[in-house]
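# Descriptive analysis of the structure
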Amino acid sequence: MRLPEAREAFATQLSFPTDRDTVVERVGDVTLEAPNGDDTTVAAVLDRVDTAEFDSPDELYDSVVTFVDDAFIGRKFYDDRGSQSGMQDEEQSF
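Presented here is a report on the structure given in the accompanying data block.

Definitions and cut-offs
Residues numbered from 1 in each chain as written. Predicted model: local features only at pLDDT ≥ 70, side-chain atom pairs only at ≥ 80, totals over all residues. Heavy atoms only, no water. Helix = DSSP H or I, 4+ residues; strand = E, 2+ residues; numbered from the N terminus. Contact = heavy atoms within 4.5 Å. Areas by Shrake-Rupley, 256 points an atom, 1.4 Å probe, with all protein chains shown as cover. Axes fitted to C-alpha atoms, helices over the stretch in contact; angles between N-to-C directions. Parallel < 35°, antiparallel > 145°, perpendicular 65-115°, else oblique. Left-handed = near helix turned anticlockwise from the far one by under 90°. Nonpolar A, V, L, I, M, F, W, Y, C, P; charged D, E, K, R; others polar. Salt bridge = Lys/Arg side-chain N within 4 Å of Asp/Glu carboxyl O. Buried < 20%, exposed > 50% of the residue type's maximum accessible area, 1.4 Å probe, protein only. Patch = residues over 30% accessible without salt bridge, like charges linked within 9 Å, V, L, I, M, F, W, Y side chains within 5 Å. Lys, Arg positive; Asp, Glu negative; His and termini not counted. Charge placed at Lys NZ, Arg CZ, Asp CG, Glu CD.

### Examining the overall build of the protein
Helix and strand counts for the protein stand at four helices and four strands. Ordered by position from the N terminus, the helices and strands of the protein form the series α-β-α-β-β-α-β-α. In the protein, once contacts between residues fewer than 6 apart in sequence are set aside, the share between residues at least 24 apart is 55%. Summed over all atoms, the accessible surface of the protein reaches about 6600 Å², with 42% contributed by carbon and sulfur.

### As for unusual backbone geometry
That bond from Phe16 to Pro17 is cis: its omega, 0°, falls within 30 degrees of zero. Residue placement: Pro17 occurs in the loop between α1 (6-13) and β1 (18-19).

### Some points on the packing of α1 against helix α4 (residues 57-67)
When two helices pack together, their arrangement is captured by the angle between the axes and the distance separating the axes. Remark: α1 packs on α4, axes separated minimally by 9 Å, with the N-to-C direction vectors making an angle of 140°. Judged on the interaxial angle alone, α4 and α1 are oblique. Helix-helix and strand crossings are classified by hand; for α1 and α4 the assignment is right-handed. On the side of α1, the interface is formed by Ala6, Arg7, Phe10 and Ala11, while α4 contributes Pro57, Asp58, Leu60, Tyr61, Asp62 and Val64. Residues belonging to the contact of α1 with α4 are distributed by class as follows: seven nonpolar, no polar and three charged.

### What to know about the pattern of salt bridges
Tallied over the full model, the rule gives two salt bridges. When the shortest N-O distance is used, the salt bridge between Glu5 and Arg2 registers 3.9 Å. The exposure class assigned to Glu5 is partly exposed, which follows from its relative accessible area of 38%. What makes Arg2 partly exposed here is its relative accessible area of 47%.

### Section: a negative patch on the surface
On the surface, a cluster of negative charge is contributed by Asp19, Asp21, Glu25, Glu53 and Asp55. Residue placement: Asp55 occurs in the loop between β4 (53-54) and α4.

### A few points about the environment of Val24
Tracing the chain through its elements places Val24 in helix α2 (residues 20-27). Taking the C-alpha atoms as reference, Val24 lies 9.6 Å from Asp47; in sequence the two are 23 residues apart. In this structure, Val24 is in contact with Asp29, Ala43 and Leu46, ignoring residues within four places of it in sequence.

See below:
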């Protein structure tokens, strides 16, 4: 499953509030498809989360999004605001 689809899956497959063990039991083996690297499972991501109970699908989703690995974040160090690495402090781009 793609990461953006996880929130809906959590809402339909779990009852909230729920604890981490229940999440792992019911959806832990679901594979999250990484756009830039190795896929992972919900259980593998939750291994990095300290939260023991989730009050809503949004809270669970936010925890998963926060703790996925670098394969899910797109281009590292990308800045769409026009800053360019290597520019001198006195140089400005307009």
